[in-house]
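Listed below, chain by chain, are the residues.
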Amino acid sequence: IIVAVVLGVTLRKETETNQFQSVFLSRCETFKGNNCQKIWETFQQAYVNRDPCKVPMEAYDPLVTAAPFKPTCNRVMFWSKTKVVVHEFTEKTDCFVTLEDTLLGYVLDGLTWCGKEGSSETFTTDCPVWTDCENNTVSSFWKRVSAAYADIACGNVSAMLNGSIAVPFSPTSIFGSIEVKGLNATRVNSLTVVLVTEEENVTNCTDASLKVLQKELPAGINYGCEEVPESQLQECGS
Ligand code: 2NF
């Protein structure tokens, strides 16, 4: 019985790591020309055997080095509070690229993972959530890759914001606190807000929160805003 229990626990643990690893690797392999095994090992080193609330953004620095973001001009699309609609849009057209269309964003989107002190496993259940702690395993990952994505943006960049909520731009969101702040004025000419509106839209381009966004933009980056009804999101630039 003891052997069976030990074996059972070991197998179950291996399965949790292995299941996560196989999703990671199969998603990674859809991007050609990468050493996914090496990327997986580098990824794990950020959080394995650590308190899941003590993983700072910097823990993912080696991962970003192992799977670097390629400079992308005129096609970078940030988003905030528009996750479903922005991806419906970028799936249909090739005009824009979101973080979730890049290798690391694609591989980890929608996943939960964390480690535990004294263990070399990856857990996918009972991991702390965003609001549980500042240096959360998953939120630190998104902060780090969002910073890296802003850093490679160049030319004219876009951001899809939600015109159906009272405050479309929040300076404390990841878009507001990391991506806008991380734009490099020597490479980025402009930021255009695509404010997606519905029938009963609550905001428009004159919204006060968008004035805040303009002020937060690094000096030298031009600002624009377009109100686009959800039904008319289609080709590049419209
Ligand atoms: O899961 C992702 N794919 C993801 C998560 C966080 C950030 C992607 N990002 C990148 C994207 F590339 C966007 O350009 O940052 C930008 C979006 O982040 P945001 O904070 O500006 O936008 P939200 O819609 O508020 O959040 C996006 C998702 O992140 C989680 C939550 O899962 C949400 O769906 N999230 C972010 N902040 C919090 C928070 N304070 C949060 N969950 C709980 N509390």
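Residues numbered from 1 in each chain as written. Predicted model: local features only at pLDDT ≥ 70, side-chain atom pairs only at ≥ 80, totals over all residues. Heavy atoms only, no water.

Peer 1: Would you mind showing me how to read a negative patch on the surface here?
Peer 2: A contiguous patch of negative charge, built from Glu88, Glu91, Asp101, Glu198, Glu199, Glu200 and Glu230, is present on the exposed surface. Relative accessible area serves as the criterion here: at 45%, Glu88 is assigned to the partly exposed category. (Patch = residues over 30% accessible without salt bridge, like charges linked within 9 Å, V, L, I, M, F, W, Y side chains within 5 Å. Areas by Shrake-Rupley, 256 points an atom, 1.4 Å probe, with all protein chains shown as cover. Salt bridge = Lys/Arg side-chain N within 4 Å of Asp/Glu carboxyl O. Lys, Arg positive; Asp, Glu negative; His and termini not counted. Charge placed at Lys NZ, Arg CZ, Asp CG, Glu CD. Buried < 20%, exposed > 50% of the residue type's maximum accessible area, 1.4 Å probe, protein only.)

Peer 1: Honestly, the side chain of Asp207 in this entry has me stumped. Any pointers?
Peer 2: The residue Asp207 is located in the loop between strand 4 (188-197) and helix 8 (208-216) in this model. Nearest to the buried, unbridged Asp207 among oppositely charged side chains is Lys211, at 8.1 Å. With sequence-adjacent residues up to four places away left out, Asp207 is seen in contact with Ala166 and Pro168. (Helix = DSSP H or I, 4+ residues; strand = E, 2+ residues; numbered from the N terminus. Contact = heavy atoms within 4.5 Å.)

Peer 1: Hey, could you run me through the nonpolar core in this one?
Peer 2: Most often, soluble globular proteins keep nonpolar side chains buried together rather than apart. Grouped together as the largest cluster of nonpolar side chains are 52 residues, with contacts concentrated most on Phe43, Tyr47, Phe78, Leu108 and Trp113. Looking at which element gives the most residues to this core, the answer is helix 6 (residues 137-152), with 8 residues. Those residues within four positions of Trp113 in sequence are excluded, and the remaining contacts are Phe20, Phe43, Tyr47, Tyr60, Leu108, Thr122, Phe123, Cys127, Thr137, Val138, Phe141 and Trp142. (Core = buried A, V, L, I, M, F, W, Y, C linked by side-chain atoms within 4.5 Å.)

Peer 1: What am I meant to see in the environment of Pro56 here?
Peer 2: As for its placement among the helices and strands, Pro56 is situated in the loop between helix 2 (36-45) and helix 3 (61-66). C-alpha of Pro56 to C-alpha of Glu134: the two residues are 78 residues apart in sequence and 8.3 Å apart in space. Residues contacting Pro56, with those up to four places away along its chain left out, are Arg50, Asn135 and Ser140.

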